[in-house]
Amino acid sequence: MVVFKLTKNQEKTNDDDYIKIWDKPYRTNGLKESTKAFETFILYRDMGTHRNLRKLAEQLNMKYEAITQWSSKYKWTERINEMNKYKIQETNRINKEIQ
């Protein structure tokens, strides 16, 4: 599972030094998510359990095909899944500390 990615030339010291892949524009192999695509991803991410690409396209008055291309190209589902896994891990960690 890839929850975090280090920034360039950064050493791992603690979790606060990491950038969560769902909080920053997607970048890999010279590919960078545009500001508009990232802002759209944030809206999609924040739809919660009822997130839906078609509904998002309608809300933004955008073509569904454009949204699905961004979703695929910039790994939206993978990033959302990593965010959800992280939230579960953090909840479990906090629950263990409380007990």
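Sequence positions are assigned chain by chain, starting from 1 and proceeding in written order. With pLDDT at 70 or above as the cut-off, local features in this predicted model cover only qualifying residues; side-chain atom pairs require 80 or more to be listed or tallied, and sums for whole chains, interfaces and linings still use all residues. Working from all heavy atoms in the structure, the side-chain values ignore hydrogens and water.

Asks: What is the right way to look at helix H4 (residues 76-98) in this model?
Replies: Helical geometry: 3.6 residues make up each α-helical turn, so side chains three or four residues apart lie on a common side. Secondary structure counts use DSSP, requiring at least four H or I residues in a row for a helix and at least two E residues in a row for a strand, with both numbered from the N terminus. In this analysis, the expected span of each helix is defined as 1.5 Å times one less than the number of residues it contains. Under the 1.5 Å per step criterion, the end-to-end length of H4 is 33 Å for 23 residues, consistent within 8% with the ideal 33 Å. Those residues of H4 that fall on the buried side of the exposure criterion are Trp76, Arg79, Ile80, Glu82, Met83, Tyr86 and Glu90. Each residue is placed in one exposure class: buried if its accessible area under a 1.4 Å probe, protein chains only, is under 20% of its type's maximum, exposed if it is over 50%, and partly exposed if it falls in between.

Asks: How should the packing of helix H1 (residues 35-45) against H4 be read in this particular structure?
Replies: Axis angle and axis distance: for two packed helices, these are the angle between their axes and the distance between the axes, and together they describe the pair. Between H1 and H4, the shortest axis-to-axis distance is 11 Å and the interhelical angle comes to 45°. Here H1 is positioned oblique relative to H4, judged by the angle of their axes. H4 is crossed by H1, and the crossing has right-handed handedness. Of H4, the residues touching H1 (which contributes Ala37, Phe38, Thr40, Phe41, Tyr44 and Arg45) are Trp76, Arg79, Ile80 and Met83. Between N-to-C directions, angles cover 0 to 180 degrees, with each direction set by a line fitted to C-alpha atoms, over the stretch in contact for helices. Angles below 35 degrees are treated as roughly parallel, those above 145 as roughly antiparallel, those between 65 and 115 as roughly perpendicular, and all remaining angles as oblique. Less than a right angle of anticlockwise turn of the near helix away from the far helix marks a crossing as left-handed, whereas a clockwise turn marks it as right-handed. Note on contacts: a residue pair is in contact if any heavy atoms of the two residues lie within 4.5 Å.

Asks: When you look at the confidence of the model for the chain in this model, what are you seeing that I'm missing?
Replies: Any region with low pLDDT has predicted coordinates that should not be read closely. Of the residues in the chain, 81% reach a pLDDT of 70 or more, and the chain-wide mean stands at 82. A residue's pLDDT is the confidence the predictor assigns to it, expressed on a 0 to 100 scale. Across the chain, helix H2 (residues 53-60) holds the top mean pLDDT of 97, while strand S1 (residues 4-5) sits lowest at 44. Within the model, pLDDT remains below 50 along residues 1-14, and this stretch shows 26 contacts once partners closer than five positions in the same chain are excluded.

Asks: Looking at this model, I keep getting lost on the environment of lysine 73. Mind explaining?
Replies: On the secondary structure map, lysine 73 appears in helix H3 (residues 64-73). When its relative accessible area of 42% is taken as the criterion, lysine 73 is described as partly exposed. Considering only alpha carbons, one finds lysine 73 and tyrosine 26, 47 residues apart in sequence, at a separation of 9.3 Å. In contact with lysine 73, not counting residues within four places along its chain, are Tyr26 and Leu31.

Asks: Would you explain the packing of H2 against H3 in this entry?
Replies: Put simply, H2 and H3 touch, their axes get as near as 9 Å, and they point 125° apart. The angle between H2 and H3 places the two elements in the oblique class. Here the hand of the crossing between H2 and H3 comes out right-handed. Packed against H2, whose contacting residues are Leu53, Arg54, Leu56 and Ala57, the element H3 presents Tyr64, Ile67, Thr68 and Ser71 at the interface. Each residue is assigned to one class: nonpolar for Ala, Val, Leu, Ile, Met, Phe, Trp, Tyr, Cys and Pro, charged for Asp, Glu, Lys and Arg, and polar for all the others, Gly among them. Each residue belonging to the contact of H2 with H3 can be placed in one class, and the counts come to 5 nonpolar, 2 polar and 1 charged.

Asks: What is the right way to look at the side chain of glutamate 33 in this model?
Replies: Residue placement: glutamate 33 occurs in the loop between strand S4 (31-32) and H1. Accessibility expressed as a relative area gives 2% for glutamate 33, which makes it buried. Nitrogen and oxygen atoms within 3.5 Å of one another constitute a polar contact, given that in protein one can donate a hydrogen and the other can accept it, and given that sequence-neighbouring residues count only through two side-chain atoms. At 3.0 Å, the side chain of glutamate 33 forms a polar contact with the side chain of tryptophan 76. Here the side chain of glutamate 33 touches arginine 79 through a polar contact of 3.0 Å, side chain to side chain. Excluding anything up to four places from it in sequence, glutamate 33 contacts Lys24, Pro25, Tyr26, Phe38, Phe41, Tyr74, Trp76 and Arg79.

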